Amino acid sequence: MAVLIASNLRKELSGTPLFDAVSVTVNRRDRVALAGPNGAGKTTLLRAITGEISVEGGELAFAKGTRIALHDQRPPRERRLTLREYALSGAADLVAIEEELRRLESAMAAGEHDQRTLRRYAETQARLEHAGGWNWRDRAAAALRGLGFSEGDLDRPLGTFSGGELTRASLGRALAGDPDLLLLDEPTNHLDVDSLEWLEQELTSLDAAIVIVAHDRWFLEAVSTAVLELDGGRSFFFAGPWHEWRREKAGRATHAAKTVARVDEDIERLERFVERFRYKKSKAKQAQAKLKQIGRLRKERGTAADELHQLTRRRRTLGFEFLKPARSGRVVLEADALDVAAGEKPLLDGAALVLERGEHVALVGPNGSGKTTLLETVLGKRAPAAGAIKLGHGVQPAYFSQHEIELDERGSVLSCAMAMTGLQRPQAQALLGRFLFSGWDEHEKPVTALSGGERRRLALAVVVASGANLLVLDEPTNHLDLESREALEAALEAFPGTVLLVSHDRALLDAVAERTVAVEERTLRSYDGGWADLVRTRAETTTAAVPAPATEPARVPKPKPSKARRGPTELERVETRIGELERHIASLEAALAADWTDMDTLTSHRAARDELQSQLARWEELFEEEQTKLGQTRRSDPGLTQV
């Protein structure tokens, strides 16, 4: 059943079309991923669906009684509410339904049993059942717990939570109301892997229509059932999962390129005809017809070339080109018997970690397990509670932190880049341009005035130009679009130095990591391979740890006497011999072609041909006998039919 039908939507910004002719039908249990570059209008489209902003054309139609919930990146406005109150405020209509039911129950208890009251009660109860019944509050609390909040967090005021926690609270509020249409803008931000996997399972089991904007490729692959692409003001709908859309898009680009090449050849051939015959009286009409055909082909070529440009144009993405680092010693980092704590809270006890030159290692674990604290400890930014840490010979580390605390905030963006990389002004300006800081205004902007996304871009630029041979990266993909994430992934895969990576982007972990170190039970355990290998190893360990159910000893059946293996029949032996003779005769004929006077070869050839004729005659006899026996068997058993 269709929950949402959008027809020919058009949105303009200052008179310029942002998107046009966007049409899509979203059915219940559809999970549509909105794809497209930053600025294509994905978030705008979500807010237009909610009615928060208007569109300049088109129509939105919803199923009767559709309940809509939106999660986006804006923090909650009301900070005095507790987390529980904020989550439940996303279902104000359910609270109103409960209050209406209680009022009607009180009225019926007082003796009101007229048809109007009973009908209102039945209708109101049906609306509550449609939303999942009386236990919707428990489901709302379960959603918050699934997103990483503890029971004690539920009654804390929103003002006591961090920005990342407030983003998760907004997601919990959207899920709490049990909507019919769920709109999610970057729902994976600030979620650890456990919460991501919980969210994937929750969304795939949710009886609702879902529209998603996200940059997490692993998440999109796990959740999406269709893709609506917005690009260059156009839209394209693909009914299939994320990876098939990527493959289909590449196929469209290939087809468009072939169309352009084919039409170019046709135009060139027709132009040669026209050039040759346009002034000859006998061919003038044909030449004019060819000219009209050339005009039609040029229109077709223009359409195909425009589509090819849209599909293959290079967008402004971050320029990850790491400098070739100096060679370090074989052992890059060694930590032994390491105790790490955050204040009074112990995080790691007796942990050990060794990195060797050229290794690409991922560090994974749930939020709050101590990953960032460990990175700061091994780099000397924090003192360990106990244990020893040693950096190897010639190691030059560069740290990209989750909070960009490493930036020099005393001046402008350009002065920060020059001071932290040692580059001269022209080289520093070129570096900033690769990270989307272009022009005088961008270069002279104070570092303290940068937004969160801009600070991360500047910090990445500093790391890229550092020339370090040990990259320590803490959540480098936050605020990056898909193209920039894939560019970072390719650059890290090709980086010849050592990488220690913390990320919740499972696609990045799987592509870059050769070894994965997991924080488990306040220690570090190492696994070979990337994220997929870690998941498979853990699953195998869990399966092996589950004891087999106790059963009575199975009775060992007595072995049945095996039937004697049937040897080849005479017909099969003759067929084999015929094949051997044919190959032998072919080799003899090749020898005779080189020297037909060789009498020995000639004699062997004659003998082989005679034997072949004899074997063929015998084969015919045996084949006739086999057919006769088969015919007799069919006549004696009428149940057999010829195939």
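Everything below is about the structure printed above this text.
*Asks:* Explain unusual backbone geometry to me, and be specific about the residues and the numbers.
*Replies:* With phi around 50°, Asn 8 is a residue other than glycine that occupies positive phi space. Turning to its location among the elements, Asn 8 is positioned in strand E1 (residues 2-13). With phi around 75°, Arg 29 is a residue other than glycine that occupies positive phi space. The residue Arg 29 is located in the loop between strand E2 (16-27) and strand E3 (31-35) in this model. By relative accessible area, which is 38% here, Arg 29 ends up partly exposed.

*Asks:* Summarise the sheet that holds strand E16 (residues 498-502); cite the residues concerned and give the values.
*Replies:* The strand order E14-E15-E16-E12-E17-E18 describes an open sheet built from six strands, whose pairing is mixed. Of all strands in the sheet, those with a lone pairing partner are strand E14 (397-400) and strand E18 (523-528), marking the two edges. Pairs of neighbouring strands in the sheet enclose a mean axial angle of 15°, with direction left out of account. Of the pairings in the sheet, the one linking strand E12 (residues 360-364) to strand E17 (residues 515-520) comprises four bridges and is parallel in character. In the sheet register, Val 364 faces E17, and the bridge partner there is Ala 518.

*Asks:* Describe the pairing of E17, and please don't skip the residues or the numbers.
*Replies:* Within E17, six of the six residues are buried, which leaves the element mostly enclosed by the surrounding structure. Neither face of E17 is exposed, since Arg 515, Val 517 and Val 519 on one face and Thr 516, Ala 518 and Glu 520 on the opposite face are all buried. As judged from the six bridges shared by E17 and E18, these two strands associate in the antiparallel manner. Considered in E18, the bridge of Thr 516 is made with Tyr 527. Taken together, E17 and the strand that follows it, E18, pair antiparallel across an intervening segment of two residues, in which Glu 521 is found at a positive phi of about 55°.

*Asks:* Any chance you could break down the pattern of salt bridges for me, citing the residues and the numbers?
*Replies:* Summed over all chains, the structure comprises 33 salt bridges. Between Glu 376 and Arg 382 there is a salt bridge, with its nearest N and O atoms 2.6 Å apart. A residue is classified by how much of its surface remains accessible, and Glu 376, at 11% relative accessible area, is buried. The salt bridge involving Glu 611 is made with Arg 577; its shortest N-O contact spans 2.9 Å. Taken together, the residues Glu 611 in helix H20 (residues 599-636) and Arg 577 in helix H19 (residues 570-594) connect sequence positions 34 residues apart. Owing to a relative accessible area of 30%, Arg 577 belongs among the partly exposed residues under this scheme. Through salt bridges that share partners, Arg 217, Arg 485, Glu 489 and Asp 505 make up one connected network.

*Asks:* Help me get a handle on the packing of helix H12 (residues 413-421) against helix H13 (residues 425-434), residues and values and all.
*Replies:* The angle between the axes and the distance between the axes are what describe a pair of packed helices. One can describe the packing of H12 onto H13 by two numbers: an axis separation of 9 Å at closest approach and a directional angle of 110°. With respect to H13, the axis of H12 lies roughly perpendicular. Handedness of the H12/H13 crossing: right-handed. Contacts between H12 and H13 pair Val 413, Leu 414, Ala 417, Met 418 and Thr 421 from the former with Arg 425, Ala 428, Gln 429, Leu 431 and Leu 432 from the latter.

What counts, and at which threshold
- Residues numbered from 1 in each chain as written.
- Predicted model: local features only at pLDDT ≥ 70, side-chain atom pairs only at ≥ 80, totals over all residues.
- Heavy atoms only, no water.
- Helix = DSSP H or I, 4+ residues; strand = E, 2+ residues; numbered from the N terminus.
- Buried < 20%, exposed > 50% of the residue type's maximum accessible area, 1.4 Å probe, protein only.
- Pairing = 2+ DSSP bridges.
- Axes fitted to C-alpha atoms, helices over the stretch in contact; angles between N-to-C directions.
- Salt bridge = Lys/Arg side-chain N within 4 Å of Asp/Glu carboxyl O.
- Parallel < 35°, antiparallel > 145°, perpendicular 65-115°, else oblique.
- Left-handed = near helix turned anticlockwise from the far one by under 90°.
- Contact = heavy atoms within 4.5 Å.

That is the geometry; function is a separate question.
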